[in-house]
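Examining the three-dimensional arrangement
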Amino acid sequence: QVQLVESGGGLVQAGGSLRLSCAGSGRTLSSYAMGWFRQAPGKEREFVAAISSYSGVSTYYADSVKGRFTISRDNAENAVYLQMNSLKPEDTAVYYCAADRRSGSYLRTARYLEHWGQGTLVTVSS
């Protein structure tokens, strides 16, 4: 089994930055493709970013965050990160990390994934 523990959310002003962390426990995450998703109040969960397993050579981003967000992984720390820059009020949401043994590309459109974190709230003020 794998457990995902997220941290790093908080309140920031528009234009600011946050770095979200997703730490794995129970087993290594290296063989999992990882992704970040977010859900704003009253809206469906949406894909944000994904990274391929192992070296993480392949990354994928939603159009809304391209150029602003960066997903990365550190297998030695058994963790995945989401660096968020130039934050906008519309980025306000609960952010979730997820792990799946299928490809990073698959995470872009999949609705159901194998493992989810508990979520961390990001609030961007105008």
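Please refer to the structure higher up on the page.
All of the points below concern the structure found in this document. Computed from a prediction, not measured in an experiment: that's the story for all the values here.

Turning our eyes to something else, we now look at the sheet that holds strand β7 (residues 69-74). Strand order in the open sheet formed by 4 strands is β1-β3-β8-β7, with antiparallel pairing between adjacent strands. In this open sheet, the two strands that pair with only one neighbour each are β1 (3-7) and β7. Taking each pair of neighbouring strands and ignoring which way they run, the sheet shows an average axis angle of 15°. With 5 bridges joining them, β1 and strand β3 (residues 18-25) adopt antiparallel strand pairing.

Now for the packing of aromatic side chains. For any pair of aromatic rings, the description consists of the separation of the ring centres together with the inter-plane angle of the planes. The full count for this structure, using the stated rule, is 2 aromatic pairs. The aromatic ring of Tyr-81 is capped on one face by Arg-19, whose charged end is 3.9 Å from the ring centroid. In this arrangement the basic side chain of Arg-111 is found over the ring face of Tyr-112, its NZ or CZ atom lying 5.9 Å from the centre.

The next point concerns the state of the cysteines. Using the criterion set out here, one finds 1 disulfide in the structure. Between the sulfur atoms of Cys-22 and its disulfide mate Cys-97 the distance is 2.0 Å. Its S-S torsion of about 55° marks the bond between Cys-22 and Cys-97 as right-handed, since a negative value means left-handed. Separated by 75 residues along the polypeptide, Cys-22 in strand β3 and Cys-97 in strand β9 (residues 93-100) bring together distant segments of the chain. Note on accessibility: Cys-22 and Cys-97 belong to one class, buried.

About the thresholds
Residues numbered from 1 in each chain as written. Predicted model: local features only at pLDDT ≥ 70, side-chain atom pairs only at ≥ 80, totals over all residues. Heavy atoms only, no water. Pairing = 2+ DSSP bridges. Helix = DSSP H or I, 4+ residues; strand = E, 2+ residues; numbered from the N terminus. Axes fitted to C-alpha atoms, helices over the stretch in contact; angles between N-to-C directions. Phe/Tyr/Trp six-rings, centres within 6.5 Å; stacked < 30°, edge-to-face > 60°. Lys NZ or Arg CZ within 6 Å of the ring centre and 35° of its normal. Disulfide = S-S within 2.5 Å. Buried < 20%, exposed > 50% of the residue type's maximum accessible area, 1.4 Å probe, protein only.

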